[in-house]
Amino acid sequence: MVWSSGRRPFVILVVLQALSAVALGLQVLAVQWVLSAVLAADERADFEGAVAPVLLLAGLTAFTAVAGALQGQLQRFLGELVARRMWTRVLRVATGVDLAHFESPEFYDHLNRVQTNAVTRPYQVTQGLLSMAGAAVASVGLGLALASVSPVLLALVVVGGIPLLVTSRRESRLEFDFSVGQTPVLRQRSYLALLQTGREEAKEVRAFGLGEWLRSRFDAIYDSYLHALRRHAVRRTILSVLGQLGSALVLGGTLLFLVWLISRGAIGVAGAGAAIIAIRMLASQVQGLFRGVQQIFESGLFLDDLDAFLDLGVPALEQTRGSEAPTSFDTIRVEDVRFAYPGSTAEALCGVDLELRAGEIVALVGENGSGKTTLAKLLAGLYQPAAGRITWDGADISGFRPASLRDQVSVTFQDFVRYAFTGTENIAVGRVELPASPERVRASARAAGAESVLDALPEGFETLLSRLFVGGIDLSGGQWQRVALARSFFRDAPLVILDEPSSALDPRAEHALFSTLREVLDGRTALFISHRFSTVRGADRIIVLDSGTVAEQGTHAELVAADGLYADLYKLQSHTDIAGAGAGAGAVTGTTGNPADG
Ligand code: ADP
């Protein structure tokens, strides 16, 4: 990862690390040289011989400092290069995985951990390796220097690192378990923070006076996190103190052994001075070495986690298989289709049969929760039926490459996305492969009734449609709906699915939309979901869903005559309209416009 992200900074870092390690070993020799020179000078009162070794020592020290500073900045930059690459991979998986993952809290936990942790970890492994390699090279130099004084000293210093190695492995495990355990809590905390900082939420939070209440929930969550963190920190500290104490004890023993050696006259004063420095330096190098091991181990745990996440993207790669969906059709058939959302036992669709013929405008009606949106998602290839099949001219759509099927469908959901992009971009995202030519964008906007809305903005179609960024402006709900419709028309697919396309439109806009819909569709097939009978009645065919199955279908007149569920809903709405009109000024009762008059 690191190699492919930033070859040059990586190589420079390795070289610097190696040079620093060598410089460290040379420092010990320089000290010994200085001490020898000083001791010799003492006898002859001539310090000239000490100048060269002192200069060498100063030079080496300066080099180490400069290299350290350079390494710091290089590591920072390389870290970002790796993080960028990891981000790309993680985002590719996040946008490519099956939609079903977004129904699972565990997926969000995983994603959250990957975002907050794993993106920096690959680099930390490298950093661990680099510092390990550096420490290893330095240790060899220092070790040789020390072994020349006494091999036992060298063995003791190495043994001194072992307690740290043992406890730090345990610490890594603790850290990973803590991170996994706290992810749901941290996500709750982020969610509560979002409620208090989000633009969408701001008005309701104020209108309902939720600020204080949300804050207390936020505090409670934070408290529970802090409580867990305190326990975790105490456990980590105990482990780390134990490790350090163990190492310090061995180091103390090593120094005592050195004193004993000196007292017995086994080594001279210059040798002893160099040995003390070498022991001190070597001890910290050995510690660094083992810290590197710990860093690799700890990051490794998070990297396994990251790998598992990236593996979620593998099925997405498999989705590149399958035949290409045709660019047109005569008949789409839904045959005994059943579907339950992941993690849910209740079936949202339990045996749906229907047919869409090319060029038809079909309305899908039914009460809340009857499965209309779910059916739209299946038709758009966003979910696969659990049983039954959907065919395009007899070919099962499960055999098509999913992306190629989605290419042939234009679906606009009720909760379409309001991108903080310009008006043009908000329409052209309907098909990003196509150049956003002003004529095409404008034609789509015109068909959806969004042209005049966008033209009236300060910078016309190029106005940023969001208050999030400087110079942006927001639209009303109905105006946004027209932009979303324009996006759908821009997509230019043979099957157009519109989920409540006119729920936020005023009557005039709605009328304009449906009176021109056939012309705009220009032979394309449309399936629209609506609760408004004023729009539904104009459809070629109406399909009524009830509790996940098709209850009845036919034209408006046929269904009213059949006196079933549709007729019931229709009468109810007519009744509500009449009652509503009656409750207002009596003078308007009986004006045209309620569906009953039709
Ligand atoms: P409609 O569009 O007709 O109002 P939906 O298709 O949205 O109905 O929902 C059909 C059923 O599926 C409902 O019972 C609803 O509770 C359930 N449902 C919808 N979305 C999900 C989901 N993401 N996870 C689980 N159940 C869902």
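See the structure printed just above.
An account of the accompanying structure is given in this report. (Residues numbered from 1 in each chain as written. Predicted model: local features only at pLDDT ≥ 70, side-chain atom pairs only at ≥ 80, totals over all residues. Heavy atoms only, no water.)

## Focus: the sheet that holds strand β5 (residues 395-396)
The strands making up a sheet are joined through hydrogen bonds of the backbone, oriented either antiparallel or parallel.
Then, number 1: Spatially, 4 strands are ordered β2-β1-β4-β5 in an open sheet, and the strand pairing comes out antiparallel. Looking along the sheet, the strands with just one partner apiece sit at the ends: β2 (349-357) and β5.
Then, number 2: Taken together, the 5 bridges between strand β1 (residues 331-339) and strand β4 (residues 387-392) define a ladder with antiparallel strand orientation. Considered in β4, the bridge of Arg-338 is made with Ala-387. (Pairing = 2+ DSSP bridges. Helix = DSSP H or I, 4+ residues; strand = E, 2+ residues; numbered from the N terminus.)

## Things to note about the nonpolar core
Then, number 1: Of all hydrophobic cores here, the largest spans 44 residues; its most connected members are Ile-427, Leu-454, Leu-475, Val-483, Phe-489, Ile-542 and Tyr-566.
Then, number 2: Looking at this core element by element, the count peaks at 7 residues for helix α16 (residues 477-491).
Then, number 3: Those residues in contact with Ile-427 that sit more than four places away from it in its chain are Val-441, Ser-444, Ala-445, Leu-454, Phe-461, Val-483, Ala-486, Arg-487 and Phe-490.
Then, number 4: Judged by nonpolar contacts, the second largest core, of 30 residues, contains Ala-325, Ile-332, Val-337 and Tyr-383. (Core = buried A, V, L, I, M, F, W, Y, C linked by side-chain atoms within 4.5 Å. Buried < 20%, exposed > 50% of the residue type's maximum accessible area, 1.4 Å probe, protein only. Contact = heavy atoms within 4.5 Å.)

## Let's talk about the pattern of salt bridges
Then, number 1: Scanning all chains against the criterion turns up 27 salt bridges.
Then, number 2: Here Arg-357 and Glu-360 are joined by a salt bridge, their closest N and O atoms 3.4 Å apart.
Then, number 3: Here Arg-357 falls in the partly exposed class, since its relative accessible area comes to 36%.
Then, number 4: Glu-360 sits in the buried class, given a relative accessible area of 10%.
Then, number 5: Across the pair Lys-571 and Asp-563 runs a salt bridge, and its minimum N-O distance is 3.0 Å.
Then, number 6: Using a relative accessible area of 45% as the deciding quantity, one classes Lys-571 as partly exposed.
Then, number 7: For Asp-563, a relative accessible area of 48% gives the class partly exposed. (Salt bridge = Lys/Arg side-chain N within 4 Å of Asp/Glu carboxyl O.)

## Overview of the side chain of Ser-168
Then, number 1: Along the polypeptide, Ser-168 turns up in helix α6 (residues 151-197).
Then, number 2: Given the relative accessible area of 7%, Ser-168 is considered buried.
Then, number 3: Only 3.1 Å separates the side chain of Ser-168 from the backbone oxygen of Leu-165, close enough to count as a polar contact.
Then, number 4: Setting aside residues no more than four positions away along its own chain, Ser-168 makes contact with Phe-290 and Gln-294. (Polar contact = N/O pair within 3.5 Å; in protein donor to acceptor, adjacent residues only side chain to side chain.)

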